[in-house]
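A look at the structure
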Amino acid sequence: MKIERAEVIVTSPNRNFVTLRLQTDDGLVGLGDATLNGRELAVVAYLKEHVVPLLLGTDASRIEDTWQFLYRGAYWRRGPVTMAAIAAVDMALWDIKGKAANMPVYQLLGGASRDGLMAYGHASGPDLPSLFDSIREHQEMGYRSIRVQTGVPGLRAIYGIAAQSALDGGEERYDHEPARRGAYPTQEDWDTRAYLRHLPTVFEAVRNEFGPSMPLLHDGHHRMTPIQAAKLGKALEPYDLFWLEDCTPAENQEALRLVRQHTTTPLAIGEVFNTIWDFQTLITEQLIDYVRAASTHFGGISPLKKVMDFAAQYQIKSGCHGPTDISPVGFAAQLHVGLAIHNFGIQEYMPHGARTNATFKQSMTFENGMLHPGDNPGLGVELDVDEAGKYPYEQAYLPFNRLADGTIHDW
Ligand code: EZ4
Ligand code: CO
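Quick caveat, the model's predicted, so the values are computed rather than measured.

Concerning the domain arrangement of the chain
Assigned domains of the chain: these are domain 1 (3-104) and domain 2 (117-376). One C-alpha centre belongs to domain 1, the other to domain 2, and the line joining them spans 26 Å. Taken together, the contacts link 32 residues of domain 1 with 36 residues of domain 2. Summing the contributions of domain 1 and of domain 2, the shared interface buries around 2600 Å²; its carbon and sulfur component is 53%. The interface formed by domain 1 and domain 2 holds two salt bridges in total. Taking the shortest distance from any N to any O, the salt bridge between E64 and K306 comes out at 2.7 Å. In this assembly, domain 1 and domain 2 are joined by 16 residue pairs in polar contact (both at pLDDT 80 or more). The element that contributes the greatest number of residues to the side of domain 1 that touches domain 2 is helix α3 (residues 80-101), accounting for eight residues. Grouping the constituent residues of the side of domain 1 that touches domain 2 by class yields 17 nonpolar, ten polar and five charged.

Encoded structure:
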């Protein structure tokens, strides 16, 4: 079972996706996701120039060995570009192995540990009435767990609020390509003190309207200092959050010690992490409750399974990053892991657009708030290459923000 063909396919049906398509000499096809939002073409070059030539003619059955060869053999370790490229190879080889075994990948990982995966969706609104409408719309779609993001009085536009993106000339769904097509990223606003004053009042209103039981989540997008994050976690305790995500910039793992000392609000971190080492202190000191790693940005299925097995020893669960800039291939990869591991927590799920779903045919299902990867052999995703060819790459960037005095701020 040798790798005979390797193609890197770039398509932009609703937003940009980079897909590695491997084919073996016995005709099996494997897909891997290498999408790195806003820096897509760097991964394309990494794959085309430095990975594809090394793969041709090698044994497609050797997943772990290929991973170690690409990681250790390059000498230059870690980093989002490298790890997205390695992720695509790893996923494609798992896809091929599943097809060779005639089994869905989750069976190869040990089989199902549950019937389905609880998903959460993104509700948002610039004010309370529109936020409540958005929560109800998500409930009608079947979601039972909801991420709540809200506008802050005095700030014109902040990331994660759909209606504000629309006002700004973007699309209604902020995540659906854009944040936004164009040659330069959009500038948004930030003021942490205004946010810290406002957010607890929003969660109080949401609990009053929707009751105590619905799991509610919130994403801080790395915007706070440790002491600010501690203050917010404490202020949100009465509203019983499922988690507070990315409360501080994730590079500094030690910062979470301070946050942890002050609040019992559960913490989730790691959507921008690339390797298990980024979680080492967080896991061994039990400074977080949920691992946010995405298969696509973490080197694939193999390392995602390893970090979750490591986290399990510390009662830390999964909460894989699942925005629309993870392609249906990368999303399926983490559904297979989530179904198989014992310490699954929750799965972020933002539905892809219609053109994306027509380009990537998926066996995945979403019913009554629960996801399942399906039982097709491999990952359960087929790429329609003709459809993909209709949508060439379009430059698009995530937004950035500045404080009132012009200083660039984390978002
Ligand atoms: O900013 O997917 O939890 N979800 C998020 C996302 C990320 C984007 C980055 O590409 O934080 O909206
Ligand atoms: Co996030």
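Remarks on the packing of aromatic side chains
On inspection of all chains with the given rule, the structure shows 18 aromatic pairs. Centre to centre, the rings of W190 and Y195 are 4.8 Å apart; their planes meet at 55 degrees, and the pair counts as tilted. A relative accessible area of 3% places Y195 in the buried class. Ring geometry for F310 against Y314: centres 5.8 Å apart, planes inclined by 90 degrees, an arrangement best described as edge-to-face.

Some thoughts on the sheet that holds strand β1 (residues 3-11)
The strand order across the open sheet formed by three strands is β1-β2-β3, and the pairing between neighbours is antiparallel. What marks the edges here is a single partner per strand, and that holds for β1 and β3 (29-33). Here the average twist between neighbouring strands, direction ignored, is 20 degrees. Bridge count for β1 against strand β2 (residues 17-24) is eight bridges, and the pairing is antiparallel. Within β2, the position partnered with A6 by the bridge is L22. Docked against the sheet, helix α1 (residues 40-55) engages β1 and β2, running at close to 175 degrees with respect to β1.

A short note on the site of ligand 1
In the vicinity of ligand 1 there are 14 residues, among which N37, Y159, E271, R292 and D325 approach most closely. At 2.8 Å, a side-chain N or O of N37 approaches an oxygen atom of ligand 1. With respect to ligand 1, the side chain of E348 contributes an N or O atom lying 3.1 Å from an oxygen atom. Surface burial for ligand 1 is 93%, taken as the share of its 320 Å² of free accessible area covered by protein chains.

Quick look at the side chain of Q23
One can find Q23 in strand β2. The buried category is assigned to Q23, whose relative accessible area is 19%. Residues contacting Q23, with those up to four places away along its chain left out, are K2, I3, E4, R5, L28 and V29.

Quick word on helix α7 (residues 192-210)
Taking 1.5 Å of rise per residue, 19 residues should cover 27 Å, and α7 covers 27 Å from first to last C-alpha, within 8% of that figure. Its axis deflected by about 25 degrees at H198, α7 carries its strongest bend there, up to four residues before the proline P200. If you check which residues of α7 are buried, you get T192, A194, Y195, L196, L199, P200, V202, F203, A205, V206, R207 and F210. By the N-cap criterion, in which a side-chain oxygen at the helix start approaches the backbone nitrogen of a residue two or three places on, α7 is capped by D191, the distance to R193 being 3.1 Å. Remark: G211 follows α7 within two positions and exhibits a positive phi of approximately 85 degrees.

Examining the nonpolar core
Formed by 114 residues in total, the largest nonpolar core has its most connected members in L22, I135, L256, F279, V291 and I301. The leading source of residues in this core is α3, at twelve residues. Taken together, domain 1 (3-104) and domain 2 (117-376) each give at least three residues to this core, which thus spans both. Beyond its immediate chain neighbours, meaning those up to four positions away, F279 contacts Q253, I269, G270, F273, I288, V291, R292, A293, F298 and V307. Core analysis: the next-biggest nonpolar cluster, separate from the first, contains seven residues, Y120, F242, W243 and Y290 among them.

Details of a negative patch on the surface
On the surface, D127, D133, E137 and E140 cluster together to form a negatively charged patch. On the secondary structure map, D127 appears in the loop between β4 (117-125) and α5 (128-141). Relative accessible area serves as the criterion here: at 40%, D127 is assigned to the partly exposed category.

Criteria and thresholds
- Residues numbered from 1 in each chain as written.
- Chains lettered and ligands numbered in written order.
- Predicted model: local features only at pLDDT ≥ 70, side-chain atom pairs only at ≥ 80, totals over all residues.
- Heavy atoms only, no water.
- Domains from an automatic or database assignment.
- Contact = heavy atoms within 4.5 Å.
- Buried area = accessible area lost by both parts, 1.4 Å probe.
- Salt bridge = Lys/Arg side-chain N within 4 Å of Asp/Glu carboxyl O.
- Polar contact = N/O pair within 3.5 Å; in protein donor to acceptor, adjacent residues only side chain to side chain.
- Helix = DSSP H or I, 4+ residues; strand = E, 2+ residues; numbered from the N terminus.
- Nonpolar A, V, L, I, M, F, W, Y, C, P; charged D, E, K, R; others polar.
- Phe/Tyr/Trp six-rings, centres within 6.5 Å; stacked < 30°, edge-to-face > 60°.
- Buried < 20%, exposed > 50% of the residue type's maximum accessible area, 1.4 Å probe, protein only.
- Pairing = 2+ DSSP bridges.
- Axes fitted to C-alpha atoms, helices over the stretch in contact; angles between N-to-C directions.
- Near = heavy atom within 4 Å.
- Areas by Shrake-Rupley, 256 points an atom, 1.4 Å probe, with all protein chains shown as cover.
- Expected span 1.5 Å × (residues − 1).
- Bend = angle between axes of the 7 residues up to and from the residue.
- Core = buried A, V, L, I, M, F, W, Y, C linked by side-chain atoms within 4.5 Å.
- Patch = residues over 30% accessible without salt bridge, like charges linked within 9 Å, V, L, I, M, F, W, Y side chains within 5 Å.
- Lys, Arg positive; Asp, Glu negative; His and termini not counted.
- Charge placed at Lys NZ, Arg CZ, Asp CG, Glu CD.

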